[in-house]
Amino acid sequence: MARRLGTSITETARLVGCSRSAVVSIHEKWINDGDTSSRRQGIGRPRIIKEKGCRFREKTSRLVKQNRRQTVAQLTAQYNAGPSASVSEHTVQWTLLDMGLCSRRPTRVPLLTKRPRQLRLQWAREHRDWIMDEWERVAWSDESRFLIHHVDGRVRVRRLPDEQLLPSCTAGHTQAGGGGIMLRATFPFAALGPVVVVEQTMKAVNYLNIIADQLHPYMAFVFPTGNGIFQQDNAPCHKARIVLEWFEEHTDEFHLVSWQPNSPDLNPMEHIRDVMERQLRAQTPPYPNISTLRDRCLDIWYNLSPVMYRKLVTSMPRRIAAVLKAKGAQRVIE
């Protein structure tokens, strides 16, 4: 505009704070093109796949759905094996992120038929009005197996947020070797409870000895008024006649809460087991023997953060609400 009004090149350069050559080139561009924008020529390899490359995006999505567990390198190699122009791993990665196909852990869900769903829904309805004081009086328990060489299918899968329950996006079976140990652990809101290393197959007699020798004195100490609630799943040794008779004899000291099958999503102990497994897998190289593995498991258990396991207990109303919303179906464990 200054040049259009007759201002000299030198005066225009002083007004806008640039060199005289910049004034000349920009004014010339405006005269010739009617535009003063300047775009530097890009450097490096030109992008093969344009932003609206629908064919590339469709093929990439198709390759992902064929095998959700492929890495970016594998997807790139599979795409470049075709007649299309070759693309880089960076291009594939950028496209996957743009499409929302992020790499996530496989979803863990229990397999439910109609009857278990009905039982889960009934249980959720019976406990949806529980206040936090009642949940804080529950002692959660479970048996957990930890292995020296652990390969549990924790690969990553590429999926959209709403594809978490597709069969191709759920976790597979656990594979392992090298031996391991079984821990029987209990915890309420107040403090971590006893953890017992199970040396042999858990049968009714063994289980009865554990609850009589370990659980009974602990519940009496934490809930001296007899208002404690104990949770156990429906494993055969838990439902044995001699075990149920023992619980019935001690109903004045603590109560046994009913439990439904196929409900790991409702047991906070599942999340504690996951935390322990993560810490165990951080060990490199693997533990040399069962004794070292046992010591490490006990060390992890007794150093669990109170904030963590108390937060799990306070999540129970949300878990119940999720089961009610899903009409008894699976609740996703992330």
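Residues numbered from 1 in each chain as written. Predicted model: local features only at pLDDT ≥ 70, side-chain atom pairs only at ≥ 80, totals over all residues. Heavy atoms only, no water.

Here we take up the overall build of the protein chain. Looking only at helices and strands, the protein chain has 13 helices and 7 strands in total. A total of 334 residues make up the protein chain; the buried ones form 40% of that total. Once local pairs closer than 6 in sequence are excluded, the contacts in the protein chain between residues at least 24 apart make up 77%. (Helix = DSSP H or I, 4+ residues; strand = E, 2+ residues; numbered from the N terminus. Buried < 20%, exposed > 50% of the residue type's maximum accessible area, 1.4 Å probe, protein only. Contact = heavy atoms within 4.5 Å.)

To continue, consider the packing of aromatic side chains. Counted under the stated rule, the structure contains 11 aromatic pairs. Each ring, one from Phe247 and one from Phe254, has its centre 6.1 Å from the other, and the planes form 85°; the classification is edge-to-face. For Phe247, a relative accessible area of 5% corresponds to the buried category. An aromatic cluster of at least three residues, connected via ring pairs, comprises Trp123, Trp130, Trp135, Trp140 and Trp259. Seen from the ring of Tyr79, Lys59 lies directly overhead, with NZ or CZ sitting 4.5 Å from the centre. (Phe/Tyr/Trp six-rings, centres within 6.5 Å; stacked < 30°, edge-to-face > 60°. Lys NZ or Arg CZ within 6 Å of the ring centre and 35° of its normal.)

Mapped onto the elements, Ser144 comes out in strand E2 (residues 138-151). Discounting chain neighbours no more than four positions away, the residues touching Ser144 are Ile181, Met182, Leu183 and Arg273.

Between its first and last C-alpha, helix H2 (residues 20-33) extends 20 Å over 14 residues, near the 20 Å set by a 1.5 Å rise per residue. Positive backbone phi, approximately 70°, marks Gly34, located one or two places after H2. (Expected span 1.5 Å × (residues − 1).)

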